[in-house]
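Below are the chains, spelled out letter by letter.
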Amino acid sequence: MSEQGILDTSTVILLPRLTDATRLPAVPMITAVTLAELSVGPLVAQTDAERAARQAHLQQAEADFDPLPFDAAAARTFGQVAADLRRAGRKTSARAYDALIAATAVARGLPLYTVNPDDFRGINKLELVEIPHPDELDADSATETTDR
């Protein structure tokens with residue numbers, strides 16, 4: 001486990017459901033891009049309940065983290081991240097937030113912690129740390145229980 005690390009947006013959303021804190025960095029961080037991505041959520045929600053849940057995630061992230069900026073170093077690194085994704089046959093525009101978050105991590109030399117590692121495959125120089133998705137852990141537990 002790294003001392004410091006960046007959590008991607010999906011990991012921030014799932015933080016309350018993650019049961020093994022030892023899988024996370026001692027000093028978790030988020031980027032301004034994650035805060036921007038979370039800010040979209042309440043505005044595009046289809047129901048009041050969904051809007052409230054997304055607003056709660058946004059407010060919790062704002063209270064818990066001082067986001068790392070997308071600065072000039074991250075902007076320069078984004079070019080390499082976009083090129084890596086294209087070489088891997090992936091469209092940068094489809095994963096724009098993820099590419100910007102990855103660029104921030106690479107530029108700062110920090111690992112990126114995610115429950116969705118496939119979103120970041122093909123990005124060279126990105127230290128990726130996979131966090132088990134709580135739904136997969138729940139499914140594994142259910143399988144183990146029925147196998148006994």
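Owing to the predicted nature of the structure, the values given are computational and were not obtained by experimental measurement. (Residues numbered from 1 in each chain as written. Predicted model: local features only at pLDDT ≥ 70, side-chain atom pairs only at ≥ 80, totals over all residues. Heavy atoms only, no water.)

Visitor: Is there a simple way to explain the nonpolar core in this structure?
Guide: One recurring pattern in soluble globular proteins is that nonpolar side chains are buried together. Ile6, Val81, Ala102, Leu112, Phe120, Ile123 and Leu126 are the most contacted members of the largest nonpolar core, which totals 17 residues. Sorting the residues of this core by element identifies helix H4 (72-87) and helix H5 (96-108) as the ones contributing at least two each. Take this core: its biggest share by element is six residues, from H5. Apart from residues no more than four positions distant in its own chain, Ile123 is found in contact with Val81, Asp84, Leu85 and Ala102. Leu7, Val12, Leu14 and Ile131 belong to the second largest nonpolar core, which has 14 residues in total. (Core = buried A, V, L, I, M, F, W, Y, C linked by side-chain atoms within 4.5 Å. Buried < 20%, exposed > 50% of the residue type's maximum accessible area, 1.4 Å probe, protein only. Helix = DSSP H or I, 4+ residues; strand = E, 2+ residues; numbered from the N terminus. Contact = heavy atoms within 4.5 Å.)

Visitor: It is not clear to me how unusual backbone geometry should be interpreted in this structure. Could you clarify?
Guide: Among all residues except glycine, the phi angle is most often negative; among peptide bonds, the trans geometry is most common. Positioned with a positive phi, Lys125 is a non-glycine residue whose angle comes to about 70°. With respect to the element layout, Lys125 can be found in the loop between strand S3 (112-114) and strand S4 (128-130). Since its relative accessible area comes to 76%, Lys125 is described here as exposed.

Visitor: Explanation requested: the packing of H4 against H5 in the structure shown.
Guide: Relative to each other, H4 and H5 sit at 120°, their axes nearing to 8 Å. Comparing their axes, H5 and H4 come out oblique. Here H4 and H5 pass one another in a crossing that is right-handed. Of the residues in H5, those in contact with Ala73, Ala74, Thr77, Phe78, Val81 and Leu85 of H4 are Ala99, Leu100, Ala102, Ala103, Thr104, Val106 and Ala107. Classifying every residue of the contact of H4 with H5 by side-chain character gives 11 nonpolar, two polar and no charged. (Axes fitted to C-alpha atoms, helices over the stretch in contact; angles between N-to-C directions. Parallel < 35°, antiparallel > 145°, perpendicular 65-115°, else oblique. Left-handed = near helix turned anticlockwise from the far one by under 90°. Nonpolar A, V, L, I, M, F, W, Y, C, P; charged D, E, K, R; others polar.)

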